[in-house]
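Overview (structure and organization)
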Amino acid sequence: MSREVLCVDDDEVARYLLERALELAGFSVTTAGGAHEGLALLKQRRFQLVISDYNMPDGTGTWMLKQATAAGLLRDTEVLIFTGSPDVKDAADLKIIAKERGTDHIVAQVLKLLGPEPGQPPHRVSPPSAPQERATARIELVLYTAGPSPASLRALRQMKGLLARYDSTQVDFQVVDLAQGRPASAEEDHILLTPTLVQHRPLPRTWVVGDLEDTSLIEDLLEHSGVERRE
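Structural notes, computed from the coordinates. (Residues numbered from 1 in each chain as written. Predicted model: local features only at pLDDT ≥ 70, side-chain atom pairs only at ≥ 80, totals over all residues. Heavy atoms only, no water.)

Below, the discussion takes up the layout of surface pockets. Once rolled over the atoms, a probe with the size of a water molecule shows which space is left empty. Here the second largest pocket defines a volume of roughly 280 Å³. Around the second largest pocket sit 14 residues that line it, and Arg 20, Glu 23, Ala 164, Ser 168 and Arg 230 are the ones nearest its centre. Take the lining of the second largest pocket: its biggest share by element is five residues, from helix α1 (residues 12–24). Within the lining of the second largest pocket, the residues separate by chemical class into six nonpolar, two polar and six charged. (1 Å grid on protein atoms, 1.4 Å probe; cavity = no way out; pocket = protein on both sides within 12 Å on 5 of 7 lines; lining within 4 Å. Points joined across faces, edges and corners; volume = space filled by probe spheres on them. Helix = DSSP H or I, 4+ residues; strand = E, 2+ residues; numbered from the N terminus. Nonpolar A, V, L, I, M, F, W, Y, C, P; charged D, E, K, R; others polar.)

Let us now look at the pattern of salt bridges. Per the counting criterion, the structure on display carries twelve salt bridges. The shortest N-O distance in the salt bridge between Lys 160 and Glu 19 comes to 3.0 Å. Of the two residues, Lys 160 sits in helix α6 (residues 150–163) while Glu 19 sits in helix α1, which places them 141 residues apart along the sequence. A salt bridge links Arg 229 to Glu 223; its shortest N-O distance comes to 3.0 Å. Each of Arg 165, Glu 219, Glu 223 and Arg 229 takes part in a single network of salt bridges with overlapping partners. (Salt bridge = Lys/Arg side-chain N within 4 Å of Asp/Glu carboxyl O.)

So, about the sheet that holds strand β2 (residues 28–32). Strand order in this open sheet of five strands is β2-β1-β3-β4-β5, and the pairing throughout is parallel. At either margin of the open sheet sits one strand with a lone partner, and together these are β2 and β5 (95–98). If you compare each strand with its neighbour and ignore which way they point, the axes differ by 20° on average. Looking at chain direction, strand β1 (residues 4–8) and strand β3 (residues 49–53) are connected through four bridges and run parallel. Within β3, the residue paired with Val 5 across the bridge is Leu 49. In this fold helix α3 (residues 61–70) packs onto β1, β3 and β4 (78–83), with an angle of close to 145° to the strand it touches most, β3. (Pairing = 2+ DSSP bridges. Axes fitted to C-alpha atoms, helices over the stretch in contact; angles between N-to-C directions. Contact = heavy atoms within 4.5 Å.)

In structure tokens form, the structure reads like this:
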């Protein structure tokens, strides 16, 4: 079976960050925004791993996995539940990961479970902001958001759609959710409004404020930095 992963989470920002981190670790990732959408995808195709949030508006991750198991959809498929809830029901024999440990920890557990990409030596995956990715990236971008606000979600969707058209290995793209706390980087970048996209590298530092409905300036930044478009 190919190294395909289904990631199910109703939190769009968390879903995107996990998708990107898993792709950097060598996996092909399909995402779903809820339990019913995830179940529908499982009826269509097979995955090596299903990793799901526990508590979602349209049903729990454990409900989705029970339905899929009963229908014989998870043969030879590993499953993980990640959650911020201390009260996880119907999770017997399931592997549980604490959501607050962060994306890096989740991906490390995936690699521990599935192993590295065939032909590659075991290694520890690093998050998108790790030094080894920065060493090859031609541009470093940070998007500051404010939780699930409509403007922040629009900005994230715009960036996801735009970056899909470029070589992702040449872009160090990070998302900092200020609803989870205000790191020192937000002070250094003088962030007063969200969403704000900051180009850290190459200099000069550039700020783009707003929901990024018009991505022409960002495209100019990518092109000027030498980021190659996908074929």
